[in-house]
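For reference, the chains in residue letters:
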Amino acid sequence: MTPAFSVCVYCGSRPGVDPSFAETARRVGTWIGEHGGQLVYGGGRNGLMGIVADATLAASGRVIGVIPKALVEKEWAHTGCTELHIVDTMHERKRIMAEHADAFLSLPGGIGTLEEFFEVWTWRQLGYHAKPVGLLNLNGYYAELLAFLASSVKSGFMSDWQMELIHVGSEPEALLQQLVQVAGMAPEGLRLDQI
């Protein structure tokens, strides 16, 4: 069955110290699965990555994992994915993830999550894709980053229109709904006031 939409989720390979990080990853996966969607992610079984994948699968959603061979050899791959693509390089991983996505969402995470978020945002502002990019500012996790980005605009290194390319929210279900609607992939009849 063809999924209603496909969301690429970037998130930590660790769970973080705040239990709300794991709970939110679970909510994201559950929402994707319950709305007939597909998760695209980095193919790992650890941390928030594993949680969002397991929740999507448990809610009858499809999961595409894309993971480099080196991480498979470390036994970090989630073998329960609907599709697991094993690739040679990180560049290939990110390209395949982007190709399979209708929208992108960054949950809390570390250096890898930040790198993926900035790359897909850069691609968006350069016109390499027209897919919406979301940043889940859960419990203010990204507040200092957003303040820094605002200072970059103020300093003349970025423009307001670049910041407007990011959809920022603190509630996962509302942000997911916004992203799939902007992507033009919202399941028929589903509106923001129904979540």
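Data block above holds the structure.
Below you will find a few notes about this structure.

Conventions we followed
Residues numbered from 1 in each chain as written. Predicted model: local features only at pLDDT ≥ 70, side-chain atom pairs only at ≥ 80, totals over all residues. Heavy atoms only, no water. Core = buried A, V, L, I, M, F, W, Y, C linked by side-chain atoms within 4.5 Å. Buried < 20%, exposed > 50% of the residue type's maximum accessible area, 1.4 Å probe, protein only. Helix = DSSP H or I, 4+ residues; strand = E, 2+ residues; numbered from the N terminus. Contact = heavy atoms within 4.5 Å. Axes fitted to C-alpha atoms, helices over the stretch in contact; angles between N-to-C directions. Parallel < 35°, antiparallel > 145°, perpendicular 65-115°, else oblique. Left-handed = near helix turned anticlockwise from the far one by under 90°. 1 Å grid on protein atoms, 1.4 Å probe; cavity = no way out; pocket = protein on both sides within 12 Å on 5 of 7 lines; lining within 4 Å. Points joined across faces, edges and corners; volume = space filled by probe spheres on them. Nonpolar A, V, L, I, M, F, W, Y, C, P; charged D, E, K, R; others polar. Pairing = 2+ DSSP bridges. Salt bridge = Lys/Arg side-chain N within 4 Å of Asp/Glu carboxyl O.

## Remarks on the nonpolar core
Counting residues in hydrophobic clusters, the biggest one holds 28 residues, and the most contacted among them are V7, V9, V28, I32, L39, L105 and L107. Of all the elements in the fold, those that place two or more residues in this core are β1 (6–10), α1 (19–34), β2 (38–41), α2 (47–58), β5 (103–106) and α8 (172–182). Setting aside residues up to four positions removed in sequence, V28 forms contacts with V9, V52, L105, L107, P172 and L176. Within the second largest apolar cluster, 25 residues are counted, among which are V66, L135, Y142 and L165.

## Remarks on the packing of helix α4 (residues 90–99) against helix α5 (residues 111–126)
Between α4 and α5, the shortest axis-to-axis distance is 12 Å and the interhelical angle comes to 60°. Taken together, the axis directions place α4 and α5 in an arrangement best described as oblique. Crossing angle aside, the handedness with which α4 passes α5 is right-handed. Within the contact between the two elements, α4 uses K94, M97 and A98 and α5 uses E115, E116, E119 and W123.

## A closer look at the layout of surface pockets
When its volume is computed, the largest pocket comes out at roughly 620 Å³. C11, G12, S13, R14 and M49 are, among the 30 residues lining the largest pocket, the residues nearest its centre. Ranked by residues supplied to the lining of the largest pocket, first place goes to α5 with 5 residues. Here the residues of the lining of the largest pocket are counted per class, giving 15 nonpolar, 10 polar and 5 charged.

## Here we look at the pairing of β5
Of the two faces of β5, the one lined by A103 and L105 and the one lined by F104 and S106 are each fully buried. Sheet analysis places β1 next to β5, joined by 4 bridges and oriented parallel. The residue of β5 that forms the bridge with Y10 is S106. As judged from the 3 bridges shared by β5 and strand β6 (residues 133–136), these two strands associate in the parallel manner. Bridge pairing in β6 links S106 to L135.

## Section: the pattern of salt bridges
Summed over the entire model, instances satisfying the criterion amount to 8 salt bridges. Notably, a salt bridge pairs R27 with E171, separated by 3.3 Å at the nearest N-O pair. Residue R27 is located in helix α1, and its partner E171 is located in the loop between β7 (166–169) and α8; the two are separated by 144 residues in the primary sequence. Here K94 makes a salt bridge to E119, at a shortest N to O gap of 3.1 Å. One end of the pair, K94, is in helix α4; the other, E119, is in helix α5, with 25 residues separating them in the sequence. Here the residues in one salt-bridge network are R27, E171 and E173, joined through shared partners.

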